[in-house]
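# Working through the structure, step by step
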Amino acid sequence: MKICVLVKEVPDAAVEKRMDPSTGRLDRSGEKNLNPFDTHAIEAAMQIKEGGAVQVDEVVAVTMGPESAQRALHKAVSLGADRSVQLTDDTLAGSDVCASGYALAQVLKKESPDLVLLGQQSDDGECYTMGAVVADHLQMPSLTQVIKIDTVEGKVTCERQAEYGYDTVEVELPAVISVGDAINEPRYPSLKAIMGAKKKQLDKFSAADAGVEADRVGENGSRTKVLGLNPPPPKEKGKIIEDEDTNETVQEIVAWLDERKLI
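So, here is what we can say about the structure in this document. What you see is a predicted model, and the numbers here were worked out from it, not measured in a lab.

A word on helix α1 (residues 36–51). Its 16 residues give α1 an end-to-end C-alpha distance of 23 Å, which sits within 8% of 22 Å, the value for a rise of 1.5 Å per residue. Every buried residue belonging to α1 is among Phe 37, Asp 38, Thr 39, His 40, Ala 41, Ile 42, Glu 43, Ala 44, Ala 45, Met 46 and Ile 48, and all of these are buried. A positive backbone phi angle near 85° is found at Gly 52, which sits one or two residues after α1.

What follows is the structure in structure tokens.
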């Protein structure tokens, strides 16, 4: 079995997220890191590989992004992936979810994985649909919000969170599965793994190498467009209640909450 894990470079959690009004895109000039939700997908792949129920020949981390995205791939390899693949090309800049999913699917076709795993969302766009878009282009079954995976030869049985409880679904491989963050607790990479990550195989593809049609990616190939940006309204100044009389203070707080229909 070959498992491909889709990973993404995102702004670090400590960096304030800002939109660039000139491009309508997220400002990615600050510190960046591996999407934390994707670490659960890597851990899920490693647990399948180490579980012994099926033989996993390799785990491959796959990303689409600029040169700096290699750092996210190095992190993925340090967490256990055997090698990595990067799709990088200027024509991909500005791709929306539909265009990005199409481009990633073209790379995955070259890899021919039995199982594609990814995190439930990205920490920047907060989009939950990437797995479904990729699966549609690959013509594979798709599952989302999966919190448990049991593998046997040729199929997987998954438990997924639903609005009304939990579903247990059996899916034949190949398949695309988005895992929820409740599925596991990602491991920490060892110092040896971190040091050796840059030595692991990294294959780079341009859009042309991957068979990506230029008119289906980038801003022109995207199906969505940002028409305007409106920053959130500034927060109102908080009210400070300073009173030594406890009863009077409590009454004032209760009145404030009642006025806003919070109690």
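That shown, we press on.
Below, the discussion takes up the pairing of strand β1 (residues 2–6). Most of β1 sits out of view: five of its five residues are buried. Of the two faces of β1, the one lined by Lys 2, Cys 4 and Leu 6 and the one lined by Ile 3 and Val 5 are each fully buried. As paired elements, β1 and strand β6 (residues 58–64) share five bridges and run parallel to each other. Bridged to Cys 4 within β6 is Val 60. The pairing of β1 with strand β8 (residues 115–119) spans four bridges and is classified as parallel. Note on β8: the bridge partner recorded for Val 5 is Leu 117.

Turning to the sheet that holds β6, a few remarks are in order. Pairing is mixed in the open sheet, where nine strands are placed in the order β11-β10-β9-β12-β8-β1-β6-β7-β13. Since the sheet does not close on itself, it has two edges, and those belong to β11 (165–172) and β13 (202–205), each with one partner. Averaged over all pairs of adjacent strands, the angle between strand axes in this sheet comes to 30°, irrespective of strand direction. The pairing of strand β10 (residues 155–162) with β11 spans eight bridges and is antiparallel. Counterpart to Glu 159 in the pairing with β11 is Thr 168. Lying on the sheet, helix α3 (residues 97–111) is in contact with β1, β6, β7 (83–87), β8 and β13; it crosses β6 at an angle near 150°. Here helix α4 (residues 130–138) sits on the sheet in contact with β1, β8, β9 (142–152) and β12 (175–179), set at roughly 175° to β12.

How each quantity is defined
Residues numbered from 1 in each chain as written. Predicted model: local features only at pLDDT ≥ 70, side-chain atom pairs only at ≥ 80, totals over all residues. Heavy atoms only, no water. Helix = DSSP H or I, 4+ residues; strand = E, 2+ residues; numbered from the N terminus. Expected span 1.5 Å × (residues − 1). Buried < 20%, exposed > 50% of the residue type's maximum accessible area, 1.4 Å probe, protein only. Pairing = 2+ DSSP bridges. Axes fitted to C-alpha atoms, helices over the stretch in contact; angles between N-to-C directions. Contact = heavy atoms within 4.5 Å.

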